[in-house]
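Examination of the molecular architecture
So you can see what is in the structure, the chains are spelled out below.
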Amino acid sequence: QVQLVESGGGLVQAGGSLRLACATPEIILSFTSMGWYRQAPGKQRELVASMTSGGTTNYADSVKGRFTISRDNGKKTLYLQMNSLKPEDTAVYYCNGRRTVPTRDYWGQGTQVTVSS
């Protein structure tokens, strides 16, 4: 079973920073890509940031310039550095790992991020 475990969520004031971590016993580069998704109450799950095994990154327009995705292959951990947090960033954040072919997605349990005004 592929395990992805998120940590680092919590309550933070608007304008503050938070760093999420996603740890896995898997080899990080065995995933075609890894990413962070979030889902707020009543809203659809959305991609926040992703990184391919080759290091190419992609960000949602709403977080560009504020969030940074990175990884530490030795520690087998994916990170999401979140700066200048806004109340609209409040959501459950999920770690995703994808393998191909065939396409298979693996998900963590999620970590709550709450940004107060």
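The structure we're discussing is the one just above.
A short tour of the structure in this document, coming up.

Analysis parameters
- Residues numbered from 1 in each chain as written.
- Predicted model: local features only at pLDDT ≥ 70, side-chain atom pairs only at ≥ 80, totals over all residues.
- Heavy atoms only, no water.
- Helix = DSSP H or I, 4+ residues; strand = E, 2+ residues; numbered from the N terminus.
- Disulfide = S-S within 2.5 Å.
- Buried < 20%, exposed > 50% of the residue type's maximum accessible area, 1.4 Å probe, protein only.
- Pairing = 2+ DSSP bridges.
- 1 Å grid on protein atoms, 1.4 Å probe; cavity = no way out; pocket = protein on both sides within 12 Å on 5 of 7 lines; lining within 4 Å.
- Points joined across faces, edges and corners; volume = space filled by probe spheres on them.
- Nonpolar A, V, L, I, M, F, W, Y, C, P; charged D, E, K, R; others polar.

**Brief notes about unusual backbone geometry**
Going from T100 to V101, the amide bond is cis rather than trans, its omega being -15°. Here the bond from V101 into P102 is cis, since omega is 0°, no more than 30 degrees from zero. Mapped onto the elements, P102 comes out in the loop between β9 (91-99) and β10 (104-107). Positive phi, close to 55°, is recorded for K76, a residue that is not glycine. Mapped onto the fold, K76 is located in the loop between β7 (67-72) and β8 (77-82).

**Some thoughts on the state of the cysteines**
What is meant by a disulfide is a covalent connection between two cysteines, made through their sulfur atoms. Overall, the coordinates contain one disulfide when judged by the stated rule. Covalently, C22 is tied to C95 through a disulfide, its sulfur atoms 2.1 Å apart. Between C22 and C95, the disulfide has an S-S torsion of -80° and is therefore left-handed. Linking C22 in strand β3 (residues 18-23) with C95 in strand β9, this pair joins segments that are 73 residues apart in sequence. Judged by its relative accessible area of 0%, C22 is buried. Residue class for C95 comes out buried when judged on its relative accessible area of 0%.

**Let's talk about the pairing of strand β4 (residues 33-39)**
Of all seven residues in β4, six are buried; the element is thus mostly enclosed. Looking at chain direction, β4 and strand β5 (residues 46-52) are connected through six bridges and run antiparallel. Bridged to Y37 within β5 is L47. Counting the residues between successive antiparallel strands, the hairpin from β4 to β5 contains six residues, one of them, G42, with a positive phi of roughly 80°. Summarising the sheet, β4 and β9 pair through seven bridges and their orientation is antiparallel. From the neighbouring strand, Q39 faces β9, where its bridge partner is V92.

**Considerations on empty space enclosed by the protein**
In the structure shown here, the tally under the stated rule is one cavity of 30 Å³ or more. By volume, the largest cavity is sized at about 30 Å³. If you trace the largest cavity, you find it lined by I28, L29, F31, M34, M51, T52, S53, R71 and L78. In terms of residue class, the lining of the largest cavity is built from six nonpolar, two polar and one charged.

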